[in-house]
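Residue-level structure breakdown
Residues per chain, in single letters:
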Amino acid sequence: MAFPVVDADYLKEIDKARRDLRALIAYKNCAPIMLRLAWHDAGTYDKSTKTGGPNGSIRNDEELAHGANSGLKIALSFCEEVKAKRPKITYADLFQLAGVVAVEVTGGPTIDFVPGRKDSKVSPKEGRLPDAKQGSPHLKDVFYRMGLSDKEIVALSGGHTLDLTWTFPVIIILFTADYFRELLKGSPHLKDVFYRMGLSDKEIVALSGGHTLDLTWTFPVIIILFTADYFRELLKGETEGLLKLPTDNALLDDPAFRPFVELYAKDEDAFFKDYAAAHKRLSELGFTPASSASKATAKDGTVLAQSAVGVIVAAAVVILSYLYEVRKRG
Ligand code: HEM
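Residues numbered from 1 in each chain as written. Predicted model: local features only at pLDDT ≥ 70, side-chain atom pairs only at ≥ 80, totals over all residues.

Here is the rule: UniProt positions are given in the numbering used here, feature names are shortened, and annotations may be inferred rather than shown by experiment.
In the nomenclature of an unreviewed UniProt entry, the chain is known as L-ascorbate peroxidase of Linum tenue. A UniProt comment under Cofactor (unreviewed entry) is attached to the chain, and it reads "heme b". For the chain, the Sequence similarities (unreviewed entry) comment in UniProt is given as "Belongs to the peroxidase family. Ascorbate peroxidase subfamily."

**Describing the overall build of the chain**
Stated precisely, the cut-off is as follows: In DSSP terms, a helix is any run of H or I states spanning at least four residues, a strand is any run of E spanning at least two, and both are numbered starting from the N terminus. For the purpose of contact definition, each residue receives a C-beta atom placed from its backbone, and two residues are in contact when these atoms lie within 7 Å.
Secondary structure assignment for the chain yields 16 helices and two strands. When contacts within the chain are restricted to residue pairs at least 6 apart in sequence, those whose partners lie at least 24 apart make up 82%.

**Re the nonpolar core**
The condition that has to hold: Any set of buried Ala, Val, Leu, Ile, Met, Phe, Trp, Tyr and Cys residues joined through C-beta atoms within 7 Å is what this text calls a nonpolar core. With C-beta atoms placed from the backbone, a residue counts as buried when 20 or more other C-beta atoms lie within 10 Å of its own, as exposed when 12 or fewer do, and as partly exposed for counts between those limits.
By size, the foremost hydrophobic cluster in this structure holds 66 residues, and its most contacted members are Met34 and Ala98. Top contributing element to this core by residue count: helix H5 (residues 91–105), with eleven residues.

**As for the site of the ligand**
Selection criterion: Think of it this way: take the backbone, place a C-beta atom on it, and check whether that atom is within 6 Å of the molecule or strand, in which case the residue is near it. The residue classification treats Ala, Val, Leu, Ile, Met, Phe, Trp, Tyr, Cys and Pro as nonpolar and Asp, Glu, Lys and Arg as charged. All others, Gly included, are polar.
Looking at the ligand, there are 17 residues lining it, with Pro32, Ala132, Leu156, Gly159 and Asp163 nearest. Sorting the residues of the shell around the ligand by element identifies helix H2 (31–42) and helix H7 (150–157) as the ones contributing at least two each. Among the elements that line the shell around the ligand, the one with the most residues is H2, at five residues. The class makeup of the residues in the shell around the ligand is ten nonpolar, five polar and two charged.

**So, the packing of H2 against H5**
Note the following rule: Axis lines are fitted to C-alpha atoms, over the contacting stretch for helices. Their N-to-C directions set the angle, which ranges from 0 to 180 degrees. Throughout, the term roughly parallel applies to angles under 35 degrees, roughly antiparallel to angles over 145, roughly perpendicular to angles from 65 to 115, and oblique to all others. Note: crossing handedness is left-handed where the near helix turns anticlockwise from the far helix by less than a right angle, and right-handed where it turns clockwise.
Following both chains from N to C, one finds H2 and H5 inclined at 140°, their axes separated by 8 Å at the closest point. Taken together, the axis directions place H2 and H5 in an arrangement best described as oblique. Seen along the crossing, H2 lies across H5 with a hand that is left-handed. Residues Ala31, Met34, Leu35, Leu37, Ala38, Trp39, Asp41 and Ala42 of H2 form the contact with H5, whose participating residues are Phe95, Gln96, Ala98, Gly99, Ala102, Val103 and Val105.

**Here we look at the environment of Ala250**
Along the chain, Ala250 turns up in helix H12 (residues 246–253). The exposure class assigned to Ala250 is buried, which follows from the 24 C-beta atoms found within 10 Å. For the pair Ala250 and Val154, spaced 96 residues apart in sequence, the C-alpha separation works out to 10.0 Å. Once residues lying within four places of it in the same chain are set aside, the contact partners of Ala250 are Gly135, Ser136, Leu139 and Phe257.

**Things to note about unusual backbone geometry**
One non-glycine residue with positive phi stands out, namely Asn29, at about 50°. Along the chain, Asn29 turns up in the loop between helix H1 (8–28) and H2.

**Quick notes on the environment of Leu243**
Among the secondary structure elements, Leu243 is positioned in the loop between helix H11 (229–235) and H12. In this structure Leu243 comes out as exposed when scored by C-beta crowding, with 7 C-beta atoms within 10 Å. Along the primary structure Leu243 and Thr165 are separated by 78 residues, whereas in three dimensions their C-alpha atoms are 8.1 Å apart.

**Brief notes about helix H13 (residues 258–266)**
Two residues of an α-helix separated by three or four positions point the same way, owing to the 3.6 residues in each turn. Test applied: Comment: arc refers to directions from the helix axis out to C-beta atoms.
Among the residues making up H13, those that are buried are Phe260, Val261 and Tyr264. Projection of H13 onto a plane perpendicular to its axis shows the buried side chains occupying an angular sector of 105°, all on one side. Opposite the buried face of H13, at more than 90 degrees from it, the exposed residues are Pro259 and Lys266. Next to the buried residues of H13 lie H7, H11, H12 and helix H14 (268–283).

**Notes on helix H4 (residues 73–85)**
What counts is decided by this rule: Helix span is expected to be 1.5 Å times the residue number reduced by one.
If you check H4, its first and last C-alpha atoms are 19 Å apart, about what 13 residues at 1.5 Å a residue would give, namely 18 Å. Within the sequence span of H4, burial applies to Ala75, Cys79 and Val82. The arc that holds the buried residues of H4, viewed along the axis, is 50°, so those residues lie on one side. The exposed residues of H4 that point more than 90 degrees off its buried face are Ser77, Glu80, Glu81 and Ala84. Contacts from the buried residues of H4 go to H1, H2 and H5.

**Quick look at the environment of Tyr45**
Considering the arrangement of structural elements, one finds Tyr45 in the loop between H2 and helix H3 (61–64). In this structure Tyr45 comes out as buried when scored by C-beta crowding, with 24 C-beta atoms within 10 Å. Remark: the alpha-carbon pair of Tyr45 and Arg145, spanning 100 residues in sequence, is separated by 7.4 Å. Here Tyr45 is in contact with Gly52, Gly53, Met146, Leu285 and Gly286, once residues within four sequence places are set aside.

**So, the packing of H4 against H5**
Contact geometry for H4 and H5: axes closest at 11 Å, N-to-C directions at 120°. Comparing the axis directions of H4 and H5 gives the class oblique. The crossing of H4 and H5 is right-handed. Seen from H4, the contacting residues are Cys79, Val82 and Lys83; seen from H5, they are Tyr91, Leu94, Phe95 and Ala98. For the contact of H4 with H5, the class distribution of residues is six nonpolar, no polar and one charged.

If you want it as structure tokens, here you go:
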């Protein structure tokens, strides 16, 4: 397939897709899976054969069926919603843009995004993505094959801060009338218990509304944040309920990796800086941006300002969409 022409029109579409993705990710609360989609499309790159990489091939049925990609179909369907509105943009660009936006709207660092990737219908054979059951030699084999360094392996692994296994999301539970709306879908009988206490029917109903704070009955707003939690948790050792995979332990045990884990756990700025650089490299494996495309991207300051606005917009969209849902159910 041919490279897209990155002209002013294409850049305008990228800008609109960025905004579409911010709203979509906030509304569907799907930042983790969008980041995983971008990483799995890019992470198949082989620098010696110049095959795989961020070329949109993960959408091919054959590649999507690879064991490592299980569960990613939903992320693809979210991206299709944006693609339907912005058909000009290649899948390869769209998936990488989704990864960049996922990090930004969860409060992570701004990642420079340069468009112009071409799509491929050719998928690599299964087995290029890392196997979590293996240790440090395997991690190095896989990432060195992509042309990435030890520091980049550790920084990128910090993407797991968006994995609910490793992070502590902010859960906002709101006192609403949700309980009654849900109750009307099938009502249990409480009269016996409350009549014994001398309470009236009206009091039984009003008091039961306290259940709106019970997670069984309400729909909490869950905010997942991009932080250095992954490294802090790694260093804590055994934590109840947290299953560390061999690839996680490899970051602690390998002397080439461990200093970066220690650095990122105590210095989030250093993590964000290295993560942003490593993520950009990952998203551009095998892709050399045309010079016009690089020049056409906004200057750092503008991108930072846009990103800050992005986080605020994302938070507002989460809250508004929640209130909209509540009204709709009412
Ligand atoms: C270092 C090698 C890596 C291994 C072995 C690995 C393995 C895994 C595994 C087993 C899961 C759980 C999947 C599931 O729930 O079905 C996962 C989730 C995740 N991974 Fe990785 N991963 C690696 C690197 C990365 C990188 C480089 C990133 C991004 C920069 C990343 C981002 C994520 C995210 C965001 C999730 C959560 C997805 C969700 O909740 O939907 N991973 N990873």
